[in-house]
Amino acid sequence: MNHSPSHTAASPSLASTPQPANAIARERDGQWLLIAGGVLLGTIGVFVEEAGQHPLVTVWFRCAFGALALLAWCLATGRGRELLLSGKARWVACATGVLMVLNWALFFAAIPRTSIAVATVIFHIQPIWVIVFGALLLRAAISPLQWLATLAALAGLVLTTGLLDGTAAAAASNSSQGYLAGVLMCLGGSLCYAGVTLLANTQKGISPYAMALWQCLVGAVALAWAPFVLGWPPLGAAWGWLLGLGVLHTGLAYVVLFAGMARLGLGRIAVLQFVYPLTAVLVDWAVYGRTLSPVQLAGVGLMAAALWTLRRPGNAAASAG
């Protein structure tokens with residue numbers, strides 16, 4: 001989701017100090033919140049597939065329902081002032097909104113072309129683009145270990161696509177929409193999300209709730225034409241699935257994830273964020289019976305190891321999924 005708050009790791013000088021009971025409870029609560037948010041996000045693919053709508057229509061409903069859910073939560077908790085942005089902050093929020101809409105549209109379009117598991121795992125290559133763009137555009141220093149992890153993650157990405165073991169060819173023969181096109185859409189979506197992360201980091205004063213809500217508002221306005229041109233969902237179950245995308249996977253998931261991140265250090269956040277793609281793989285198998293090949297699973301493991309190395313404190317900032 002999304003959605004990139006920044007966090008401060010615990011001071012090394014305090015690492016060996018025994019934690020009071022309330023600090024331990026806070027960390028435990030943060031872990032469960034992050035796990036719950038990751039599990040919830042891992043079911044997005046099912047809602048997208050079952051809704052069965054055009055990707056742009058699906059994105060519009062997610063933005064519209066998500067904006068209403070986030071606005072209600074912010075107002076109910078007295079955080080309405082956080083939503084008032086001006087100057088550069090407003091333009092950054094709008095720009096990230098455009099990129100987020102593109103990201104969601106490409107991701108939702110990729111799911112039926114590949115699978116929930118493949119699309120979600122490929123999408124999670126986005127931290128690599130943050131590292132690369134940071135080096136090329138922002139002149140950020142990249143250590144040899146980071147470059148090695150980047151190459152390993154890209155190698156894992158190639159394995160995960162199934163292009164090397166015939167999985168992609170088999171999937172393409174069973175799909176009329178284009179497997180390779182779906183893979184490219186996922187990569188495009190991950191590039192858009194990397195742009196969101198980089199832009200958000202230029203305005204750290206914007207709260208994650210405000211950023212998420214502004215992104216949803218931009219999407220709701222920019223795609224207001226979509227259901228009129230591409231068609232409204234028929235009355236029935238489709239509306240329930242679309243409502244879930246906005247209320248559960250945007251409103252509730254963002255609140256839960258941001259609350260969890262506020263209680264944890266970067267290292268723990270980095271590890272727990274892999275709950276999302278792991279859940280997506282398991283959900284795809286449990287609901288639709290689609291499994292990854294051994295080569296694809298090896299690629300997932302290689303990507304996870306490389307991204308965990310990159311996301312450790314001191315290597316890269318963590319971001320919400």
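Just so you know, these numbers come straight off a predicted model, no measurement behind them. (Residues numbered from 1 in each chain as written. Predicted model: local features only at pLDDT ≥ 70, side-chain atom pairs only at ≥ 80, totals over all residues. Heavy atoms only, no water.)

Trainee: Outline the overall build of the chain, listing residues and values.
Mentor: Along the backbone of the chain there are 15 helices and zero strands. Counting over 321 residues, the chain shows a buried share of 51%. As presented, the chain carries roughly 14100 Å² of accessible surface, and 70% of it is formed by carbon and sulfur atoms. (Helix = DSSP H or I, 4+ residues; strand = E, 2+ residues; numbered from the N terminus. Buried < 20%, exposed > 50% of the residue type's maximum accessible area, 1.4 Å probe, protein only. Areas by Shrake-Rupley, 256 points an atom, 1.4 Å probe, with all protein chains shown as cover.)

Trainee: Can you lay out the packing of aromatic side chains for me, pointing to particular residues and giving the numbers?
Mentor: Within the structure shown, the criterion is met by 14 aromatic pairs. Note on tyrosine 209 and phenylalanine 258: the rings are 5.5 Å apart at their centroids and 85 degrees apart in plane angle, and the pair reads as edge-to-face. Placement of tyrosine 209 in helix 10 (residues 208-222) and of phenylalanine 258 in helix 12 (residues 237-261) is noted, with a sequence separation of 49 residues between them. No difference in accessibility class separates tyrosine 209 from phenylalanine 258, as the two residues are buried. Taken together, the ring pairs in this structure connect Trp60, Phe61, Phe65, Phe228, Trp232 and Trp239 into an aromatic cluster. Over the ring of tryptophan 104 we find arginine 62, and its NZ or CZ is 4.2 Å from the ring centre. (Phe/Tyr/Trp six-rings, centres within 6.5 Å; stacked < 30°, edge-to-face > 60°. Lys NZ or Arg CZ within 6 Å of the ring centre and 35° of its normal.)

Trainee: Residues and numbers for the packing of helix 1 (residues 21-41) against helix 12, please.
Mentor: Axis angle and axis distance: for two packed helices, these are the angle between their axes and the distance between the axes, and together they describe the pair. At a minimum axis distance of 7 Å, the contact between helix 1 and helix 12 shows a crossing angle of 155 degrees. Taken together, the axis directions place helix 1 and helix 12 in an arrangement best described as roughly antiparallel. For the crossing formed where helix 1 meets helix 12, the hand is left-handed. Residues Gly30, Leu33, Leu34, Ala36, Gly37, Gly38, Leu40 and Leu41 of helix 1 touch helix 12, and the partners they reach there are Leu248, His249, Leu252, Ala253, Val256, Leu257, Ala259, Gly260 and Met261. Class assignment of the residues belonging to the contact of helix 1 with helix 12 gives a composition of twelve nonpolar, five polar and no charged. (Axes fitted to C-alpha atoms, helices over the stretch in contact; angles between N-to-C directions. Parallel < 35°, antiparallel > 145°, perpendicular 65-115°, else oblique. Left-handed = near helix turned anticlockwise from the far one by under 90°. Contact = heavy atoms within 4.5 Å. Nonpolar A, V, L, I, M, F, W, Y, C, P; charged D, E, K, R; others polar.)

Trainee: Tell me what's going on with the pattern of salt bridges, and back it up with residues and numbers.
Mentor: Oppositely charged side chains can form a pair if their charged atoms are brought close together. Counting across every chain of the model gives two salt bridges. Between arginine 290 and aspartate 284 there is a salt bridge, with its nearest N and O atoms 2.8 Å apart. Here the residues in one salt-bridge network are Glu49, Asp284 and Arg290, joined through shared partners. (Salt bridge = Lys/Arg side-chain N within 4 Å of Asp/Glu carboxyl O.)

Trainee: If you had to explain helix 3 (residues 55-76) to someone new, which residues and values would you point to?
Mentor: Taking 1.5 Å per residue as the helical rise, helix 3 with its 22 residues ought to reach 32 Å, and the 31 Å between its terminal C-alpha atoms agrees with that figure. Within two residues after helix 3, glycine 78 carries a phi angle of roughly 70 degrees, on the positive side. (Expected span 1.5 Å × (residues − 1).)

Trainee: Explain the environment of tyrosine 254 to me, and be specific about the residues and the numbers.
Mentor: Mapped onto the secondary structure, tyrosine 254 falls in helix 12. Taking relative accessible area as the criterion, tyrosine 254 reaches 1% and is therefore assigned buried. Considered as a pair, tyrosine 254 and glycine 37 are 217 residues apart in the sequence and their alpha carbons are 7.5 Å apart.

Trainee: For the nonpolar core, give the residues involved together with the corresponding values.
Mentor: In terms of nonpolar packing, the biggest core is built from 83 residues, with Ile44, Val59, Trp104 and Phe107 touching the most fellow members. Each residue touching valine 59, except ones within four places of it in the same chain, is listed here: Val101, Trp104, Ala105, Phe108 and Leu223. (Core = buried A, V, L, I, M, F, W, Y, C linked by side-chain atoms within 4.5 Å.)

Trainee: Mind laying out a nonpolar patch on the surface, listing which residues take part and the relevant values?
Mentor: A grouping of Val158, Leu163, Leu164, Leu180 and Leu184 is seen on the molecular surface, where their side chains present a nonpolar patch of about 490 Å² in accessible area. Locating leucine 184 in the fold gives a position in helix 9 (residues 179-200). (Patch = residues over 30% accessible without salt bridge, like charges linked within 9 Å, V, L, I, M, F, W, Y side chains within 5 Å.)

Trainee: Could you give an account of the environment of alanine 253, naming the residues involved and the relevant values?
Mentor: Structurally, alanine 253 is set in helix 12. The class of alanine 253 is buried, set by a relative accessible area of 0%. With 214 residues separating them along the chain, alanine 253 and valine 39 place their C-alpha atoms 9.4 Å apart.

Trainee: Would you mind going over the packing of helix 3 against helix 10 in detail, with residue names and values included?
Mentor: It is at 8 Å that the axes of helix 3 and helix 10 come closest, and there the two elements cross at 145 degrees. For the crossing formed where helix 3 meets helix 10, the hand is left-handed. Side by side, helix 3 and helix 10 meet where Trp60, Cys63, Ala64, Gly66, Ala67, Leu70, Leu71, Trp73 and Cys74 of the first sit next to Tyr209, Ala212, Leu213, Cys216, Leu217, Gly219 and Ala220 of the second. Looking at the contact of helix 3 with helix 10 residue by residue, the class counts come to 14 nonpolar, two polar and no charged.

Trainee: Describe the environment of glycine 301, listing the residues and the values that go with them.
Mentor: Following the sequence through the fold, glycine 301 ends up in helix 15 (residues 294-311). Distance in space between the C-alpha atoms of glycine 301 and alanine 153 is 9.4 Å, their sequence separation being 148 residues.

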